[in-house]
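# Geometric and topological summary
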Amino acid sequence: MRTPIIAGNWKLHMNPEQTIEFVNAVKGKLPDPSKVESVIAAPAVDLYVLKKTAEGSNLHTGAENAYFEVEGAFTGETSPKVLNEMGIDYCIIGHSERRGYFHETDEDINKKAKALFANGVTPIICCGESLETREANKQDEWVVAQIKAALDGLTEEQVSKLVIAYEPIWAIGTGKTASADQAEEMCKTIRETVKDLYNEETAENVRIQYGGSVKPANVKELMSKPDIDGGLVGGASLDPESFLALVNYQD
Ligand code: 13P
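Residues numbered from 1 in each chain as written. Predicted model: local features only at pLDDT ≥ 70, side-chain atom pairs only at ≥ 80, totals over all residues. Heavy atoms only, no water.

As recorded by an unreviewed UniProt entry, the chain carries the name Triosephosphate isomerase and is attributed to Lactobacillus johnsonii N6.2. Of the chain, the UniProt comment under Sequence similarities (unreviewed entry) reads exactly: "Belongs to the triosephosphate isomerase family." Turning to the chain, the UniProt annotation filed under Subcellular location (unreviewed entry) states: "Cytoplasm". (UniProt positions renumbered as here; feature names shortened; annotations may be inferred.)

See below:
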């Protein structure tokens, strides 16, 4: 049985003071992690206080990006090794904003996945097509190619622990959610791809999130789909009440 995982992606929002305030507001009200795993992925500058404030609570922590080297002359980057030393559980990689604005390639994302696993941090690997690709009905081959490239050389054991987030670019921050059926269809395709690349057991273990305008009002329907194991949430994760409504969707 896969444990559902709802993760907030704060993107470039929130400072350390706001982070402390947010965590204190949600701390005692999060679901048991055996039922739903609650994660906040925050900007690197907030991670230290995020982790410290979350200590002893059901909140898991994540970074929004990391580099594939652990140290050296790489100005401005974040080390996967230091994330692990800080006790950060997850790291989002390959978000469409990083692919688009920061020119990250499939190869970079694959290297980052390997570096994170090598340092004990679980990657949340993002994939998803543009509106143009969907309108050309090429979304399946696009996403399958992204997944194949991202997973290249990863072991069965690693992929079993992995989280994959399907985020169609046209649904991010637009208020335009993919329908639950569209989201399910792609999450199922991703699981089948993992099955083809590995085996049935690995495909059953990998957790697949949907992301793109997930809100308290649509989370339940999305989570009712058999291949959707969670949500990666931008805007609706910035407010404590809204985040609590998302992670407590089973109530
Ligand atoms: P929104 O929930 O704001 O659409 O953002 C989705 C996203 O990109 C999460 O990573």
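For the rest of this paragraph, the subject is the pairing of strand 8 (residues 230-233). The alternating pattern of strand 8 places Gly230 and Leu232 on one face and Gly231 and Val233 on the opposite face, and all of these are buried. For strand 1 (residues 5-9) and strand 8, the ladder comprises four bridges, and the chain directions are parallel. Bridge pairing links Ala7 to Leu232 in strand 8. Sheet analysis places strand 7 (residues 207-211) next to strand 8, joined by three bridges and oriented parallel. The partner of Gly211 across the bridge, within strand 8, is Leu232. (Buried < 20%, exposed > 50% of the residue type's maximum accessible area, 1.4 Å probe, protein only. Helix = DSSP H or I, 4+ residues; strand = E, 2+ residues; numbered from the N terminus. Pairing = 2+ DSSP bridges.)

Our focus in this paragraph is the UniProt feature "active site" (unreviewed entry) in the chain. UniProt records the feature "active site" (unreviewed entry) at His95 and Glu167, using the numbering of this structure. With the annotated positions falling across 73 residues, the maximum pairwise C-alpha distance of 8.3 Å places them together in a single cluster. When the annotated set is filtered for residues lining the largest pocket, what remains is His95. One can find His95 in the loop between strand 4 (90-93) and helix 4 (96-101). Once residues within four sequence positions are removed from consideration, His95 is found in contact with Asn9, Lys11, Cys126, Glu167 and Ile172. Side-chain polar atoms of His95 contact the backbone nitrogen of Glu97, separated by 3.0 Å. Within the secondary structure layout, Glu167 lies in the loop between strand 6 (163-166) and helix 9 (180-197). Apart from the residues within four sequence positions on either side, Glu167 is in contact with His95, Cys126, Cys127, Gly128, Glu129, Ile172, Gly211, Gly212 and Leu232. (1 Å grid on protein atoms, 1.4 Å probe; cavity = no way out; pocket = protein on both sides within 12 Å on 5 of 7 lines; lining within 4 Å. Contact = heavy atoms within 4.5 Å. Polar contact = N/O pair within 3.5 Å; in protein donor to acceptor, adjacent residues only side chain to side chain.)

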